[in-house]
Amino acid sequence: MIAGLLRDLASVQTTRQSKWGYARAADAIAGLTAPIESFLQPDGSLRKIAQIGPSSTRVVLEVLQTGASPTVERALADRGKRHEVEKTGVGRDTFLSRAEVLAALKNRRLRGPSLADYRGDLQMHSTYSDGSQTLEVIVETGIARRYEYAAVTDHSYGLPIARGVSMARLATQHRDIDRLNEIHAGRFRLIKGIEANILADGTVDMTPAERRGLEIVVAAPHSALRSSADQTARILKAVRTPGVHILGHPRGRKQGVRPGVNANWDRIFEAAARATVAVEIDGDPRRQDIDHELARRALDAGCIFSLDSDAHAAEEWAYAEIAIAHARLAHIPPERVINYWPLDFLLDWSANLRD
Ligand SMILES: [Zn+2]
């Protein structure tokens with residue numbers, strides 16, 4: 001919450017320097033591994049935290065002492081930006097800080113899936129699209145993390161802005177994957193995937209024949225994410241598209257940037273449950289999409305889930321922990337999470353969904 005307030009405050013600053021100061025403080029707080037309360041000293045002051053200056057410290061103390069920040073409220077009201085900031089949901093509520101993620105992973109009272117039993121990540125990007133990790137690095141990182149599998153889901157050709165892969169490049173990638181799978185047989189398995197793009201009208205950008213050549217199709221929205229218009233029909237259409245396995249970062253929200261899709265999520269979750277399409281919890285810290293509150297509604301609707309890092313680099317695989325933390329807070333049973341399924345079971349499910 002405090003990091004969110006500091007980001008709100010950054011968004012209404014008029015100088016670049018103060019914008020940067022508050023944003024840096026927000027990042028520092030979001031990245032703390034201990035709860036912010038533990039920095040409070042007996043005399044009511046705050047223990048020094050790197051990157052957090054006196055103005056940000058004042059906001060932190062206000063929140064710790066009163067649960068709210070009059071400083072931030074005043075700044076937002078003064079700039080007349082209160083409405084806009086609320087609409088974009090900048091930084092508030094359901095984004096977990098690093099400390100909250102670690103607490104959720106450790107908390108034995110939560111009945112959700114554990115980090116130790118997680119078998120493999122089902123959304124990540126390689127150098128074939130906008131990632132910086134080669135397929136070899138993906139295999140090495142997966143083995144180092146004791147995973148059994150990982151799906152390579154580069155962006156499809158419908159998203160040139162993220163260097164989407166052409167079908168010809170995809171064929172080359174599949175030959176590379178076959179070669180690596182042969183070398184590491186019985187030890188680690190790369191899964192042939194794609195992150196297809198959900199167009200504005202709900203069409204998924206690859207043809208049925210093209211989708212058939214893939215083991216995991218993640219369909220995700222990347223446009224019209226700032227519109228407040230209802231987009232239930234768009235997402236429903238994507239979920240009902242044969243050959244789609246995972247609804248990726250369903251809202252397309254980004255912390256401090258955009259609120260993402262506005263839709264009747266309960267209807268979408270019902271349709272996903274009926275089609276046995278997995279709803280993703282994307283662990284990218286700026287996405288956290290869907291979060292534990294929405295995930296609980298998806299659970300009630302009978303959905304299955306995919307918990308993914310959306311890693312573009314080897315260092316980002318740990319983002320899966322953020323997704324697992326949300327799933328634990330939503331009390332999702334591990335058997336409802338496809339990343340906890342044995343490989344054979346996972347591949348059977350994926351083959352059944354192919355049209
Ligand atoms: Zn995406």
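Preceding this section is the structure that the text describes.
Let us look at the structure shown here. (Residues numbered from 1 in each chain as written. Predicted model: local features only at pLDDT ≥ 70, side-chain atom pairs only at ≥ 80, totals over all residues. Heavy atoms only, no water.)

**Concerning the packing of helix H7 (residues 135–144) against helix H8 (residues 167–183)**
In contact at an axis separation of 10 Å, H7 and H8 are set at 40° when each is read in the N-to-C sense. The way H7 lies across H8 gives a crossing that is right-handed. In this structure, H7 uses Leu135, Glu136 and Val139 to contact H8, whose residues at the interface are Gln173, Asp176, Ile177, Arg179 and Leu180. (Axes fitted to C-alpha atoms, helices over the stretch in contact; angles between N-to-C directions. Helix = DSSP H or I, 4+ residues; strand = E, 2+ residues; numbered from the N terminus. Left-handed = near helix turned anticlockwise from the far one by under 90°. Contact = heavy atoms within 4.5 Å.)

**Describing the pairing of strand E7 (residues 305–308)**
Side-chain direction in a regular strand flips from residue to residue, so the side chains alternate between the two faces of the sheet. Where burial is concerned, the two faces of E7 agree: the one with Phe305 and Leu307 and the one with Ser306 and Asp308 are both buried. As paired strands, strand E6 (residues 278–282) and E7 are joined by 4 bridges and run parallel to one another. What sits directly across from Val279, in E7, is Phe305. (Buried < 20%, exposed > 50% of the residue type's maximum accessible area, 1.4 Å probe, protein only. Pairing = 2+ DSSP bridges.)

**Some words on the coordination of the zinc ion**
A four-donor tetrahedral metal ideally has 109.5 degree angles, and a six-donor octahedral metal ideally has angles of 90 or 180 degrees. Coordination of the zinc ion by the protein comes from Glu195 (OE), His222 (NE2) and His249 (NE2), over a distance range of 1.9 to 2.2 Å. Each donor residue of the zinc ion belongs to the same chain, and together they define the spacing E-x26-H-x26-H. In this pair, His222 sits in the loop between strand E4 (216–221) and helix H10 (232–239) while His249 sits in the loop between strand E5 (246–247) and helix H11 (265–275), placing the two residues 27 residues apart along the sequence. Under the relative-accessibility criterion, His249 is labelled buried at 1%. (Donors = N, O, S within 2.8 Å, 3.2 Å for Na, K, Ca; no water.)

**Brief notes about the sheet that holds E6**
Judged by pairing direction, the sheet is parallel, and its 7 strands sit side by side in the order E1-E2-E3-E4-E5-E6-E7 without closing on themselves. Every other strand in the sheet has two partners, leaving strand E1 (120–121) and E7 as the edge strands with one partner each. One ladder, built from 2 bridges, connects E1 with strand E2 (residues 149–152); its direction is parallel. For Gly120, the partnering residue across the bridge sits in E2 and is Tyr149. On top of the sheet, helix H13 (residues 319–329) reaches E1, E6 and E7; it is set at about 145° to E7, its chief contact. The sheet strands contacting helix H14 (residues 343–353) are E2, strand E3 (189–198), E4 and E6, and the helix crosses E3 at an angle near 35°.

**Looking at the nonpolar core**
The nonpolar side chains of a soluble globular protein tend to be buried with one another. Core analysis: the largest hydrophobic core is formed by 59 residues, its most contacted members being Leu190, Phe305, Leu307 and Ile332. Tallying contributions element by element places H11 first for this core, with 6 residues. If we skip the residues at most four places from it in the chain, Phe305 touches Ala278, Val279, Ala295, Ala298, Leu299, Ile332, Arg336, Val337, Ile338 and Asn339. Judged by nonpolar contacts, the second largest core, of 25 residues, contains Ile2, Ala26, Ile36 and Leu61. (Core = buried A, V, L, I, M, F, W, Y, C linked by side-chain atoms within 4.5 Å.)

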